[in-house]
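Commentary on secondary and tertiary structure
Spelled out, the chains give:
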Amino acid sequence: MNTYNVITLFPNLIEEWKNIGIVRQAIKNQLVNIQTTNLREFGIGEYKQVDDAPYGGGPGMVLMPEPLDNAINSSNSEINVFLTPSGEQLDETLLIELLSFKTINLIAGRYEGFDQRILDIHSDYEVSIGHTVISGGEVPAMYLLEALIRRIPGVLGNPDSLKYETFNDNKYDFPVYTRPETFKNLSVPEVLLSGNHKDIEEWKKNNLKDI
Ligand SMILES: C[S@@+](CC[C@H](N)C(=O)[O-])C[C@H]1O[C@@H](n2cnc3c(N)ncnc32)[C@H](O)[C@@H]1O
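Here is what the cut-offs are and how they apply
Residues numbered from 1 in each chain as written. Predicted model: local features only at pLDDT ≥ 70, side-chain atom pairs only at ≥ 80, totals over all residues. Heavy atoms only, no water. Phe/Tyr/Trp six-rings, centres within 6.5 Å; stacked < 30°, edge-to-face > 60°. Helix = DSSP H or I, 4+ residues; strand = E, 2+ residues; numbered from the N terminus. Buried < 20%, exposed > 50% of the residue type's maximum accessible area, 1.4 Å probe, protein only. Contact = heavy atoms within 4.5 Å. Pairing = 2+ DSSP bridges. Axes fitted to C-alpha atoms, helices over the stretch in contact; angles between N-to-C directions.

**As for the packing of aromatic side chains**
- Enumeration over the complete set of coordinates arrives at three aromatic pairs.
- When the ring of Phe101 is compared with that of Tyr125, the centres are 6.2 Å apart and the planes differ by 70°; the resulting orientation is edge-to-face. On the criterion of sequence distance, the pair formed by Phe101 in the loop between α4 (92-99) and β6 (103-108) and Tyr125 in strand β7 (residues 125-128) is long-range, its members being 24 residues apart. Accessibility assignment for this pair places Phe101 and Tyr125 in one class, buried.

Written as structure tokens, this is what we have:
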């Protein structure tokens, strides 16, 4: 079973998300194991300090290397994936590569990010979820995990869901419709109501848009 361990200052965010939808179902069916490591527990001193001011000055605080080093060393995951805005952009190729590892630490940053030395020592991958900066690595970690988990065999009720999915074969998914047949003068394409499976398949293929 694939095991993913999120190292974070906010494990509650991840624990809450674990109770929802496909992720919850995958955990229940023992198709994936998701753990959290609370970085605060590895903080230094009475106040469990995990961050400090940057050398050379500047705004914000930086995550200190020592608590992260100890948190990472407390797990025996095969690889360490750091979530960073400057990392490799997540795409299907990178996703498939990451799926080949059975155990992964996903390390979520906060504040001004990681002391560079922790990346130098421990980083196997730096992954970015997009060309924009958000406040923490927890949402990027959940984003990456959802993308990984739905590709684990057995997780999606219908494996065909992956067949025509956006980004497969460099295409976007075809448009989808549900009831009612007409909504505000807009009708569902006739062929989808025809019951002719061959024509429907053909329509789906023809409506996959090039990226
Ligand atoms: C406020 S950001 C740090 C930004 C950093 N000063 C910079 O400009 O690169 C805090 C943390 O959020 C996470 N993060 C923010 N944007 C991200 C993105 N696009 N992809 C992955 N992680 C991101 C990272 O873990 C990062 O360490």
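Now that the structure has been shown, we can carry on.
**Focus: the environment of Asn12**
- Mapped onto the elements of the fold, Asn12 is located in helix α1 (residues 11-17).
- For Asn12, a relative accessible area of 64% translates into the label exposed.
- Taking the C-alpha atoms as reference points, Asn12 and Asp124, separated by 112 residues in sequence, lie 26 Å from one another.

**Here's the deal with the environment of Leu99**
- Here Leu99 is to be found in helix α4.
- Residues Leu99 and Asn2 lie 97 residues apart in sequence; the distance between their C-alpha atoms is 8.6 Å.
- Discounting residues that sit within four places of it in the chain, Leu99 has contacts with Asn2, Tyr4, Leu148, Arg151 and Ile152.

**Overview of the sheet that holds β6**
- Taken together, five strands build an open sheet; the order of strands is β2-β1-β6-β5-β7 and the sheet is parallel. Each edge of the sheet is formed by a strand with only one pairing partner; in this case those strands are β2 (32-38) and β7. Neighbouring strand axes in the sheet, compared pairwise and without regard to direction, differ in orientation by 30° on average.
- Relative to β7, strand β5 (residues 79-89) runs parallel, the two sharing five bridges. Considered in β7, the bridge of Val81 is made with Tyr125.
- Each of β1 (2-8), β2, β5 and β6 is contacted by helix α3 (residues 65-73), which is oriented at about 160° to β6, the strand it contacts most.
- Strands β1, β5, β6 and β7 of the sheet are contacted by α4, whose axis makes an angle of about 140° with β7.

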